[in-house]
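Coordinate inspection notes
Single-letter residue listing:
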Amino acid sequence: MPPADEPRREQLLNAADRVIQRDGPGASMNAIAAEAGITKPILYRHFGDRNGLIRALTERHTGGLLAAVRAALNEPLERRDRVEHVLDTYLSGIEARPQVYRLLTHPEPGDPSGAGHALAPALRQIAEEITRAVDSQVDLGADRELLAEAWGRGITGMVLAAGDWWLETKPCSRTRMVQALADLLWGRLAAAADLPTAVLPAPAAEAPPA
């Protein structure tokens, strides 16, 4: 799409965000078009169909979440503070737009589009970012590469499942949830030394949006 159309496209995505936050993941194209003050054919002209709109929302939200997590991993903090900062960054990201998060993580009944799994590529990248951070900063001995990979995947899966439950039930504040998850992760991380030549990991190349 030509650059001149980008401001209008952003306006339409903003309208879609508002409607999804209000009506939930099943928000209709009719409602989104009405919110934007346009007809549905104009909305289709910009995004093709509902799947195209979801892809555009996925690119917007997963890109922002990835950038935020990457920045948190690179903050010059003490290790425990960095763990809590990364956890809080993820939880605050999903808390800010819970209905959009549900759209990207929970399939709608009978929806063959793949929406509802749209966050998966971003989660794989987050796992890779955590793996690189652990491998480059923490002395885990001869099994460092294996443990870094296992921890990167395991931490991401744990936070995804726990964050999903926390967002749905809100049993405690975000601060308390961050502390609970950090406590679970902290045992071996606390015991391991820093690598003598620890450097912050280089940002990974961006993957194509889902």
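I will try to describe carefully the structure that is included in this document. (Residues numbered from 1 in each chain as written. Predicted model: local features only at pLDDT ≥ 70, side-chain atom pairs only at ≥ 80, totals over all residues. Heavy atoms only, no water.)

1. Thoughts on the overall build of the protein chain
The secondary structure content of the protein chain amounts to 9 helices and 2 strands. Across the protein chain, helices and strands are ordered from the amino to the carboxyl terminus as α-α-α-α-α-α-α-β-α-α-β. Considering the protein chain as a whole, with its 210 residues, one finds that 42% of them fall into the buried category. For the protein chain, long-range pairs separated by at least 24 residues make up 69% of all intrachain contacts whose partners lie at least 6 apart in sequence. (Helix = DSSP H or I, 4+ residues; strand = E, 2+ residues; numbered from the N terminus. Buried < 20%, exposed > 50% of the residue type's maximum accessible area, 1.4 Å probe, protein only. Contact = heavy atoms within 4.5 Å.)

2. As for the side chain of Ser136
The residue Ser136 is located in helix 7 (residues 120–137) in this model. On the basis of relative accessible area, Ser136 is assigned to the buried category, the value being 17%.

3. Let's talk about helix 2 (residues 29–36)
What helix 2 keeps buried is the set Met29, Ile32, Ala33 and Ala36. All buried residues of helix 2 lie within an arc of 100° about the axis, which places them on one face of the element. One or two positions beyond helix 2, positive phi appears at Gly37, with a value near 75°. (Arc of directions from axis to C-beta.)

4. Side note on the pattern of salt bridges
This structure, assessed with the given rule, holds 16 salt bridges. One salt bridge in this structure joins Glu168 and Arg102, with 3.4 Å as the shortest N-O distance. Of the two residues, Glu168 is situated in helix 8 (residues 144–169) and Arg102 in helix 6 (residues 98–105); the sequence distance between them amounts to 66 residues. A relative accessible area of 56% places Glu168 in the exposed class. Each of Arg18, Arg22, Asp23 and Glu35 takes part in a single network of salt bridges with overlapping partners. (Salt bridge = Lys/Arg side-chain N within 4 Å of Asp/Glu carboxyl O.)

5. Some words on the packing of helix 2 against helix 3 (residues 40–47)
Running from N to C, helix 2 and helix 3 point in directions that differ by 100°, and their axes come no closer than 9 Å. Judged by the inter-axis angle, helix 2 sits roughly perpendicular to helix 3. Where helix 2 abuts helix 3, its residues Met29, Asn30, Ile32 and Ala33 lie against Lys40, Leu43 and Tyr44. Broken down by class, the residue content of the contact of helix 2 with helix 3 amounts to 5 nonpolar, 1 polar and 1 charged. (Axes fitted to C-alpha atoms, helices over the stretch in contact; angles between N-to-C directions. Parallel < 35°, antiparallel > 145°, perpendicular 65-115°, else oblique. Nonpolar A, V, L, I, M, F, W, Y, C, P; charged D, E, K, R; others polar.)

6. Section: unusual backbone geometry
With a phi close to 45°, Lys170 is a non-glycine residue in the positive phi region. Its location among the elements puts Lys170 in the loop between helix 8 and helix 9 (174–191).

7. Quick word on the packing of aromatic side chains
Tallied over the full model, the rule gives 0 aromatic pairs. Sitting over the face of the ring of Trp166, Lys170 holds its NZ or CZ atom 4.8 Å from the ring centroid. (Phe/Tyr/Trp six-rings, centres within 6.5 Å; stacked < 30°, edge-to-face > 60°. Lys NZ or Arg CZ within 6 Å of the ring centre and 35° of its normal.)

8. Re helix 4 (residues 50–73)
With 24 residues, helix 4 extends 34 Å between its outermost C-alpha atoms, agreeing within 8% with the 34 Å of an ideal straight helix rising 1.5 Å per residue. Two or three places before Asn51, at the opening of helix 4, Asp49 has a side-chain oxygen 3.2 Å from that residue's backbone nitrogen. (Expected span 1.5 Å × (residues − 1). Polar contact = N/O pair within 3.5 Å; in protein donor to acceptor, adjacent residues only side chain to side chain.)

9. Some remarks on empty space enclosed by the protein
Summed over all chains, the structure comprises 1 cavity of 30 Å³ or more. Considering only enclosed or pocket space, the largest cavity measures out at about 50 Å³ in volume. Along its surface, the largest cavity is lined by Ile20, Pro25, Ala27, Ile32, Arg50, Leu53, Ile54, Leu57 and Leu103. For the lining of the largest cavity, the element with the highest residue contribution is helix 4, accounting for 4 residues. Of the residues assigned to the lining of the largest cavity, the class counts are 8 nonpolar, no polar and 1 charged. (1 Å grid on protein atoms, 1.4 Å probe; cavity = no way out; pocket = protein on both sides within 12 Å on 5 of 7 lines; lining within 4 Å. Points joined across faces, edges and corners; volume = space filled by probe spheres on them.)

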